[in-house]
Amino acid sequence: MIETIYIARHGFRLNWINTNWKSPTGLPRDPPLAAYGEVQAQELAAYFLALPEEKRPTIILSSPYYRCLQTSKPTSQALEVPIYVEHGLSEWYSPVAPGTGLHPRPSSATVMQTYFSEIDPSWSSIWYPTRRGEDVEALHERANGVLDLLITEVEKRFGGKHKNILLVSHAATVIVLCRALLARPDLPLRVGCCSISELSRKSNAAGVLGAWEAKDLASGSHLKEGASRDWGLEDIQIANGKVISDQGVPGTQEEEDNCGPQIHRSSL
């Protein structure tokens, strides 16, 4: 049974300091880490390596975006644990403006393994976010659904092998994951780059959602310069009571949008 869930946000992004950045994968909106972000990822790995062995994560589940996989790589190498690509942990995009296309979707684990050899492609994503974007309520629903499936699937597939797991994701997604695990949908939380949240399973707790207690939330104490570029859901731009829509990728209107749970759970 999983006892501890660590949740980390990716490191500092290159596009925040360089407007001429290029995506290594060619995917729109998929910037790599800046050099500073790569240092943060190394510091993240050093933190986990310094933990007692019984407290270290033995599996990493990462968003498929390049910056998250880059962040995961040093920890994977230091701890000699695999990275599983999980699309359910992907970036949050607000709803697309009508007629502008769909949001981008990163490639499969098999394709991303050509960039990161640490990826084990045997894991099939249990959830795909819609390419049409999500409002805040739908983002929370995604977090609830992903966690309900993810924790159960890891425990079912691997038995008691993994007591501690690491999820690597994005600011908005990290926030709603923490809220879901704690059953605190209004929890105020700001998440900086390469910050760590640690949640432990309550004794005799049933189910997944609300079955955890926070040992630490969005901590940057392991980083030399602390957590940077923090973000919270209160930073979302709102107009007329709704999240401001975003532009899709031109020419993608007719592309497939396979989304939602990819395996069945009666609780969904």
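Use the structure listed above.
Enquirer: Would you explain the overall build of the protein chain in this entry?
Expert: Along the protein chain, the regular secondary structure elements total 5 helices and 10 strands. Taken over C-alpha atoms, the radius of gyration comes to 17 Å for the protein chain, in line with the 18 Å a tight globule of 268 residues would show. In terms of overall dimensions, the protein chain has C-alpha extents of about 50 × 45 × 35 Å along its principal axes. Counting over 268 residues, the protein chain shows a buried share of 55%. In the protein chain, 77% of the contacts between residues at least 6 apart in sequence involve partners at least 24 apart. Side chains of the protein chain give 26 positive and 31 negative charges; the mean places of these two sets differ by 0 Å.

Enquirer: What am I meant to see in the pairing of strand β1 (residues 4-9) here?
Expert: Residues in a regular strand project their side chains so that they alternate between the two faces of the sheet. Of all 6 residues in β1, 6 are buried, a share of seventy percent or more. In β1, alternate side chains face the same way, and those of Thr4, Tyr6 and Ala8 on one face and Ile5, Ile7 and Arg9 on the other are all buried. Relative to strand β6 (residues 196-201), β1 runs antiparallel, the two being bridged by 5 bridges. Among the inter-strand pairings, Ile5 is bridged to a residue of β6, identified as Leu199.

Enquirer: I keep staring at helix α2 (residues 66-79) and nothing clicks. Help me out?
Expert: Because the α-helix completes a turn every 3.6 residues, residues three or four places apart line up on one side. In this model, α2 (14 residues) spans 20 Å end to end at C-alpha, consistent with the 20 Å of a helix rising 1.5 Å per residue. Of all the bends in α2, the greatest reaches close to 30° and is centred on Ser72; the proline Pro74 follows between one and four positions later. Counting buried positions along α2 yields 11 of 14 residues, so the element is predominantly enclosed. Among all positions of α2, only Tyr66, Arg67, Cys68, Leu69, Gln70, Thr71, Ser72, Pro74, Thr75, Ser76 and Leu79 are buried. At its buried positions, α2 is contacted by β1, α1 (35-50), β2 (59-62), β3 (83-85), α3 (109-112) and β5 (164-169). Taken from the residues just after α2, Glu80 is the one with a positive phi, measuring 55°.

Enquirer: Is there a simple way to explain the packing of α1 against α2 in this structure?
Expert: Orientation of α1 relative to α2, taken along the N-to-C sense of each, is 35°, at an axis distance of 8 Å. For the pair α1 and α2, the sense of crossing is right-handed. Note on element contacts: α2 touches α1 through Gln70, Thr71, Pro74, Thr75, Ala78 and Leu79, opposite Glu38, Ala41, Gln42, Leu44, Ala45, Phe48 and Leu49. Class assignment of the residues belonging to the contact of α1 with α2 gives a composition of 8 nonpolar, 4 polar and 1 charged.

Enquirer: What should I look at first to understand the packing of aromatic side chains in this one?
Expert: The geometry of an aromatic ring pair comes down to the distance between the two centres and the angle between the two planes. Enumeration according to the criterion identifies 9 aromatic pairs in this entry. For the ring pair Tyr66 and Tyr115, a centre distance of 6.1 Å and an interplane angle of 85° mean the geometry is edge-to-face. Here Tyr66 is found in helix α2, whereas its partner Tyr115 is found in the loop between α3 and β4 (127-128), with 49 residues between them in sequence. One aromatic cluster in this structure is built from Tyr6, Tyr47 and Phe48.

Enquirer: Got a minute to help me understand the sheet that holds β5 in this structure?
Expert: In any sheet, the strands associate via hydrogen bonds between backbone groups, in a parallel or an antiparallel arrangement. Strand order in this open sheet of 6 strands is β3-β2-β5-β1-β6-β7, and the pairing throughout is mixed. Of all the strands in the sheet, the pair left with one neighbour each is β3 and β7 (212-219). Neighbour-to-neighbour, the strand axes of the sheet open up by a mean angle of 20°, direction not taken into account. Contacting β1, β2, β3 and β5, α2 runs over the sheet at an angle of about 175° to β2.

Quick notes on the rules
- Residues numbered from 1 in each chain as written.
- Predicted model: local features only at pLDDT ≥ 70, side-chain atom pairs only at ≥ 80, totals over all residues.
- Heavy atoms only, no water.
- Helix = DSSP H or I, 4+ residues; strand = E, 2+ residues; numbered from the N terminus.
- Rg over C-alpha atoms; globule rule 2.2 N^0.38 Å.
- Buried < 20%, exposed > 50% of the residue type's maximum accessible area, 1.4 Å probe, protein only.
- Contact = heavy atoms within 4.5 Å.
- Lys, Arg positive; Asp, Glu negative; His and termini not counted.
- Charge placed at Lys NZ, Arg CZ, Asp CG, Glu CD.
- Pairing = 2+ DSSP bridges.
- Expected span 1.5 Å × (residues − 1).
- Bend = angle between axes of the 7 residues up to and from the residue.
- Axes fitted to C-alpha atoms, helices over the stretch in contact; angles between N-to-C directions.
- Left-handed = near helix turned anticlockwise from the far one by under 90°.
- Nonpolar A, V, L, I, M, F, W, Y, C, P; charged D, E, K, R; others polar.
- Phe/Tyr/Trp six-rings, centres within 6.5 Å; stacked < 30°, edge-to-face > 60°.

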